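Fold and contact review
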Amino acid sequence: MRTFVKLTVVLAFVVIVLGAYTRLTDAGLGCPDWPGCYGELTVPKDSNKAAALFPDAPLESQKAWNEMIHRYAAGTLGLFILALTVWAFIRKRKHPEQPVLLPVALLCLVTFQAALGMWTVTMNLQPLIVMGHLLGGFTTISLLYLLSLRLKRVHMPLGDAKMRTLSGFALFALLVVIGQIALGGWVAANYAAMACTDLPFCEGNWSERLDIAGAFSVPEANTYQYGAHDYAERMTMHVAHRFGAYFTAIVVGLLLWFGFRRTQTSVIRSSLNWVALFLVIQLVLGFSNVIFMLPLGVAVAHNAVGALLLLSLVGLNYKIARNA
């Protein structure tokens, strides 16, 4: 079962990357209906028929395929999680230690994710729905990774008092990273990634133009594709994400410093190494997005490494809890 869970984690990561690619290629409404595409199970070849069904949404085949491939992968992930849940209940009879609550929670979550995917389309990329869908994907892969850790038998010395003092800091760092991911999701959902093109903060008199109330509101609009906020509001979103990145780097950096000083346990130090690696890569990708004007490959990688940084902190927290 551990192998199947690992495969499911990999598939969830692929779904996250495909979701980022779909969003960044403006293909979120590549198919204006759900779960099919212009009334079909695949991208239609007859553009005239598609136009007759949705005259206000002309068919763009490339964007439609981007969206449908993401849906196919997400649907396959749902089937994997369903199989995982059934398998967990069957295995529980002979192996009482088999986790069941996590697979059930995952099945409920992926079902809700499907609903969010539908609302993303039917509500024309409403930012709260888009951000919720992104956070749901990150939560799904985190719970799958946690399940894989619980199924893995790792020999660890127990009862290290130093780990108890580190556990609170590690949890705080995890929550900070989750908050930063949410801010990034809000920036992406509102097309604010290029609202600031200067470093380290923003160009011009940015501090005088901040509009926090407007930046974190949802204006009325017929469609939210390409954004519905004005520049000051988008700039405020971007600045918040930029400050969040600096704060996250400080918090995770301090966690690494304390962690390496307080433990000699190889399993914990290995996890700290992974956290450090993904933090550095993520910072480089974030700056590269600004310097090189949001190239598609870098922007997709920024999402992917954000997921890996999150997973490395989930793993670190789990192993610290086991060691405390």
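Anything mentioned here points back to the structure above.
This write-up is about the structure you can find in this document.

Rules of the game
- Residues numbered from 1 in each chain as written.
- Predicted model: local features only at pLDDT ≥ 70, side-chain atom pairs only at ≥ 80, totals over all residues.
- Heavy atoms only, no water.
- Helix = DSSP H or I, 4+ residues; strand = E, 2+ residues; numbered from the N terminus.
- Rg over C-alpha atoms; globule rule 2.2 N^0.38 Å.
- Buried < 20%, exposed > 50% of the residue type's maximum accessible area, 1.4 Å probe, protein only.
- Contact = heavy atoms within 4.5 Å.
- Phe/Tyr/Trp six-rings, centres within 6.5 Å; stacked < 30°, edge-to-face > 60°.
- Salt bridge = Lys/Arg side-chain N within 4 Å of Asp/Glu carboxyl O.
- Disulfide = S-S within 2.5 Å.
- Axes fitted to C-alpha atoms, helices over the stretch in contact; angles between N-to-C directions.
- Parallel < 35°, antiparallel > 145°, perpendicular 65-115°, else oblique.
- Left-handed = near helix turned anticlockwise from the far one by under 90°.
- Nonpolar A, V, L, I, M, F, W, Y, C, P; charged D, E, K, R; others polar.

1. Things to note about the overall build of the protein chain
Along the protein chain, the regular secondary structure elements total 10 helices and 0 strands. A compact globule built from 324 residues would reach a C-alpha radius of gyration of about 20 Å, and the protein chain, at 21 Å, matches this within 12%. In the protein chain, buried positions account for 47% of the 324 residues. Summarising the internal contacts of the protein chain: among those between residues at least 6 apart in sequence, 77% fall at separations of at least 24.

2. What to know about the packing of aromatic side chains
On inspection of all chains with the given rule, the structure shows 13 aromatic pairs. A ring pair is formed by Tyr 38 and Phe 54, whose centres lie 5.6 Å apart and whose planes are at 85°; its orientation type is edge-to-face. Of this pair, Tyr 38 sits in the loop between α1 (2–24) and α2 (47–53) while Phe 54 sits in the loop between α2 and α3 (61–92), and the two are 16 residues apart along the sequence. Taking the relative accessible area as the measure of exposure, Phe 54 reaches 25% and is therefore partly exposed. Pairing Trp 186 with Phe 216 gives two aromatic rings, centres 6.4 Å apart and planes at 15°, and the pair type is stacked. Placement of Trp 186 in helix α6 (residues 161–189) and of Phe 216 in the loop between α7 (212–215) and α8 (231–262) is noted, with a sequence separation of 30 residues between them. Here Phe 216 falls in the partly exposed class, since its relative accessible area comes to 42%. One aromatic cluster in this structure is built from Phe 201, Trp 206, Phe 243 and Tyr 246.

3. Remarks on the pattern of salt bridges
Taken as a whole and judged by the stated rule, the model has 3 salt bridges. Put simply, Glu 67 and Arg 71 hold a salt bridge, and the shortest N to O gap is 2.8 Å. Here Glu 67 and its partner Arg 71 are both found in helix α3, 4 residues apart, which amounts to about one turn of the helix.

4. Side note on the state of the cysteines
As enumerated under the stated definition, the model contains 2 disulfides in all. Paired through a disulfide, Cys 31 and Cys 37 show a sulfur-sulfur distance of 2.1 Å. Measuring handedness by torsion sign, the sulfur bridge of Cys 31 and Cys 37 sits at about -80° and is left-handed. Each member of the pair, Cys 31 as well as Cys 37, carries the same accessibility label: buried. Sulfur-sulfur distance for the disulfide between Cys 196 and Cys 202 comes to 2.1 Å. In this structure, the disulfide formed by Cys 196 and Cys 202 twists by about -95° around the S-S bond and is classed as left-handed. When the cysteines of the protein chain that form disulfides are numbered from the N-terminus onward, they connect as 1-2, 3-4.

5. Considering the packing of helix α4 (residues 101–122) against helix α5 (residues 127–151)
It is the contact of α4 with α5, at a shortest axis distance of 9 Å, that shows an interaxial angle of 160°. In terms of orientation, α4 and α5 fall into the roughly antiparallel class. Seen from above, α4 lies across α5 with left-handed handedness. For the contact of α4 with α5, a count of residues per class yields 12 nonpolar, 9 polar and 1 charged.

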